[in-house]
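The lines below spell out each chain.
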Amino acid sequence: AQRTSVLLQSRNVKNYQENRSRHYDRWVFREISTSDPVVPYEIFKKFATLLSFKLFLNLDGPKAEELSELATTHWHGIISVPLSVKLPFLMSSSYRKAAQAREQILGIIEQILQDEKCDFLQEAYTRCVRQPSEEAIDKDLFKNTILVFVCALIPKALASLLTSFLDTSGLWAKYLVSQEE
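Please read all numbers here as calculations on a predicted model, not as lab measurements.

## Quick notes on the overall build of the chain
1) Next: When you go through the chain residue by residue, the secondary structure sums to seven helices and zero strands.
2) Next: From first element to last, N terminus to C terminus, the chain shows the α and β order α-α-α-α-α-α-α.
3) Next: When burial is assessed residue by residue, the chain has 30% of its 181 residues classed as buried.
4) Next: Long-range contacts, defined as pairs at least 24 residues apart, comprise 59% of the intrachain contacts of the chain with a sequence gap of at least 6.
5) Next: A total of about 12,100 Å² of accessible surface is found on the chain, and carbon and sulfur atoms cover 58% of it.

Written out as structure tokens, the structure is:
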């Protein structure tokens, strides 16, 4: 019998609505100022990043905020000139900061794996690394893949989708708004 994906197991599905609502309420009602202009993509990316951390790493609150800052440092620095330089009394290169942030993120992922408090990560780890076959992957490759998906691909894709949805809302609004209003 084929096992149900860990994301679709009842113990996880029951928490999705609560997690989404909590993150949504936080960003819409507390963090978005109605008097200042906002960049929707940046707001949606932050929302999607924290939601991704909660769903896939079971991280919330200050730990998720810390990981978000590390992810930003990592992705902004990784696209800079690849020189790992540190001079006394001067700032480190962006690339060096990115490499340090990456190591910290991988350390956080490793700690979550060791604590065994995240069902999704444990199930993915078991299926990808611990399986006794030639299809098993290296633990470092697994952690780096989680880093890319959870800290970049999923949040950026969701943020882009939400931004596009918002941007095109004027085009579909006429179909959703009642003609009687």
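## Description of helix H3 (residues 61-78)
1) Next: Between its terminal C-alpha atoms H3 stretches 26 Å, which fits the 26 Å expected from 18 residues at 1.5 Å a residue.
2) Next: Of the residues making up H3, those classed as buried are Ala 64, Glu 65, Leu 67, Ser 68, Leu 70, Ala 71, His 74 and Gly 77.

## Regarding the side chain of Glu 110
1) Next: Among the structural elements, Glu 110 can be located in helix H4 (residues 94-115).
2) Next: The buried category is assigned to Glu 110, whose relative accessible area is 15%.
3) Next: A polar contact of 2.9 Å, which involves the side chain of Glu 110, links it to the side chain of Lys 139.
4) Next: In this view, Glu 110 contacts Lys 139 and Lys 143; residues no more than four positions away in its chain are not counted.

## A closer look at the side chain of Lys 54
1) Next: As for its placement among the helices and strands, Lys 54 is situated in helix H2 (residues 40-57).
2) Next: The buried charged residue Lys 54 lacks any salt bridge, with Asp 60 as its nearest oppositely charged partner at 4.4 Å.
3) Next: At a separation of 3.1 Å, a polar atom in the side chain of Lys 54 contacts the side chain of Asn 58.

## Examining the nonpolar core
The tendency in soluble globular proteins is for nonpolar side chains to be buried side by side.
1) Next: Counting residues in hydrophobic clusters, the biggest one holds 27 residues, and the most contacted among them are Phe 53, Leu 57, Leu 59, Ile 105, Leu 121 and Phe 142.
2) Next: At the level of elements, H2, H3, H4, helix H5 (119-128) and helix H6 (139-167) are the ones that each hand at least two residues to this core.
3) Next: The dominant element in this core, judged by the number of residues it contributes, is H4, at seven residues.
4) Next: Residues in contact with Leu 121, not counting those within four places in the same chain, are Phe 56, Leu 57, Ile 109, Ile 112, Leu 113, Phe 142 and Ile 146.

Cut-offs and rules
- Residues numbered from 1 in each chain as written.
- Predicted model: local features only at pLDDT ≥ 70, side-chain atom pairs only at ≥ 80, totals over all residues.
- Heavy atoms only, no water.
- Helix = DSSP H or I, 4+ residues; strand = E, 2+ residues; numbered from the N terminus.
- Buried < 20%, exposed > 50% of the residue type's maximum accessible area, 1.4 Å probe, protein only.
- Contact = heavy atoms within 4.5 Å.
- Areas by Shrake-Rupley, 256 points an atom, 1.4 Å probe, with all protein chains shown as cover.
- Expected span 1.5 Å × (residues − 1).
- Polar contact = N/O pair within 3.5 Å; in protein donor to acceptor, adjacent residues only side chain to side chain.
- Lys, Arg positive; Asp, Glu negative; His and termini not counted.
- Salt bridge = Lys/Arg side-chain N within 4 Å of Asp/Glu carboxyl O.
- Core = buried A, V, L, I, M, F, W, Y, C linked by side-chain atoms within 4.5 Å.

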